[in-house]
Amino acid sequence: METINLTTVQTVVRPRPQQSHKGTFGRVLVVAGNQQYGGAAILSTSAAVYGGAGLVTVATDPINHPALHARLPEAMVVDYQSDLSALIQQQDVIVIGPGLGTDDLAKSVLQRVFAAVLPTQTVVVDGAAITLIAAKQAQVPKAQLIWTPHQMEWQRLSGIVIADQTPETNAKAAATIPGIVVVKSHRTQIFGQTAVENPGGSAAMATGGSGDTLTGIIAAFVGQFGYHDQVVQAAVYTHSAIADELAQSQYVALPSQVIAALPKFLKTLSQA
Ligand SMILES: NC(=O)C1=CN([C@@H]2O[C@H](COP(=O)(O)OP(=O)(O)OC[C@H]3O[C@@H](n4cnc5c(N)ncnc54)[C@H](O)[C@@H]3O)[C@@H](O)[C@H]2O)[C@@H](O)CC1
Ligand SMILES: Nc1ncnc2c1ncn2[C@@H]1O[C@H](COP(=O)(O)OP(=O)(O)O)[C@@H](O)[C@H]1O
Ligand SMILES: [Mg+2]
């Protein structure tokens, strides 16, 4: 399997056009975070903001609102149980699933969001959203989809047990699923028009919230650079390349540190 190539990443992340405004760089809605997993909502939303998305809103449980306002004043915050349909219409990218849970409330949020999504929008389907779809608790929406399962979620979605997940079996299963599939592991594989493996990342990333963070980076990249294989590849590469830099001097690469490093890393990439 070919690996993600740095030249591709540099082609995606270009300097920002000066004649621009916040609307130029994508509107992102993150639907995430139940009462237990507010951190997942904070990480995904922060990664979208620090990854350069122009306007970011998070729909989450009200218990998470004060923390979000305090940690991330750039983001707008709404109750995920409110009617989100008008808000959804305004978005370019919707992330759904990080820390959403799999109870009835999560199901109802997921079903209502999917019912409002437009075919021209990109939906990043992660975590609990994948688990619920795999359990046939929600239908796959007609949209530009990006799936980000870890190996256990991929097992649920594809039916391939982790021990049997190889580039060949994964590619075959991904071909039956609409959109781009990012099978996350210690060597993440990305299946779209092309199939590539991410050469980066390490055990320093094996800590809760790493995947939540990736969803926000992907959303920010699609919001700025469009829905393409190469854009998703660039997001996966960026996530692990920053963690690799941190891991040179740290035992763990904390997701919030990866997020904090995004603006500088992207500036350097854009100047290459
Ligand atoms: N701060 C927070 O609020 C956090 C919230 N989280 C949320 O918690 C929910 C449950 O997520 P989990 O992923 O823990 O639960 P899951 O039940 O989906 O999967 C975790 C299980 O899969 C196993 N596994 C095997 N291979 C794996 C691989 N390559 N990568 C990851 N796991 C692998 C793990 O050992 C574990 O037993 C998600 O919605 C997630 O977004 C987590 O992201 C942790 C942090
Ligand atoms: N040992 C490892 N080597 C490389 N990357 C890893 C390793 N462990 C985890 N990662 C990366 O960290 C992320 C974990 O995602 P996920 O399990 O969904 O995390 P969470 O749901 O806790 O946020 C993925 O991008 C995965 O590729
Ligand atoms: Mg996850």
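Reading the values: rules and limits
Residues numbered from 1 in each chain as written. Chains lettered and ligands numbered in written order. Predicted model: local features only at pLDDT ≥ 70, side-chain atom pairs only at ≥ 80, totals over all residues. Near = placed C-beta within 6 Å. Nonpolar A, V, L, I, M, F, W, Y, C, P; charged D, E, K, R; others polar. Helix = DSSP H or I, 4+ residues; strand = E, 2+ residues; numbered from the N terminus. Buried ≥ 20, exposed ≤ 12 C-beta atoms within 10 Å, placed from the backbone. Pairing = 2+ DSSP bridges. pLDDT = per-residue confidence, 0-100.

A.B. asks: So, the site of ligand 1: which residues are in play, and what are the values?
C.D. replies: Lining the immediate environment of ligand 1, one finds 19 residues, of which Gly39, Gly127, His150, Met152 and Gly208 sit closest. Among the residues forming the shell around ligand 1, the class breakdown is seven nonpolar, 10 polar and two charged.

A.B. asks: An account of unusual backbone geometry is requested, with residue identities and associated values reported.
C.D. replies: For lysine 136, which is not a glycine, the phi torsion comes out positive at approximately 60°. Assignment of secondary structure puts lysine 136 in the loop between helix H6 (127-134) and strand E7 (144-147). Take lysine 136: there are 7 C-beta atoms within 10 Å of it, and that puts it in the exposed class.

A.B. asks: Which residues make up the pairing of strand E4 (residues 76-79), and what values do they have?
C.D. replies: In this sheet, E4 lies alongside strand E3 (residues 55-60) in parallel orientation, the contact comprising four bridges. Its bridge partner being in E4, valine 58 is matched across the sheet by valine 77.

A.B. asks: Describe in detail the site of ligand 2, supporting the description with residues and values.
C.D. replies: Surveying the vicinity of ligand 2 reveals 17 residues, the closest of which are His186, Gly201, Ala206, Ser210 and Gly211. Of all the elements, helix H9 (residues 210-225) adds the most residues to the shell around ligand 2, at four residues. For the shell around ligand 2, the class distribution of residues is four nonpolar, 11 polar and two charged.

A.B. asks: Requested: an account of the confidence of the model for the protein, with residues and values cited.
C.D. replies: When pLDDT is averaged across the protein, the result is 98; 100% of the residues are at 70 or more. At the level of chain-chain contacts, confidence expressed as ipTM amounts to 0.97, with global pTM at 0.98.

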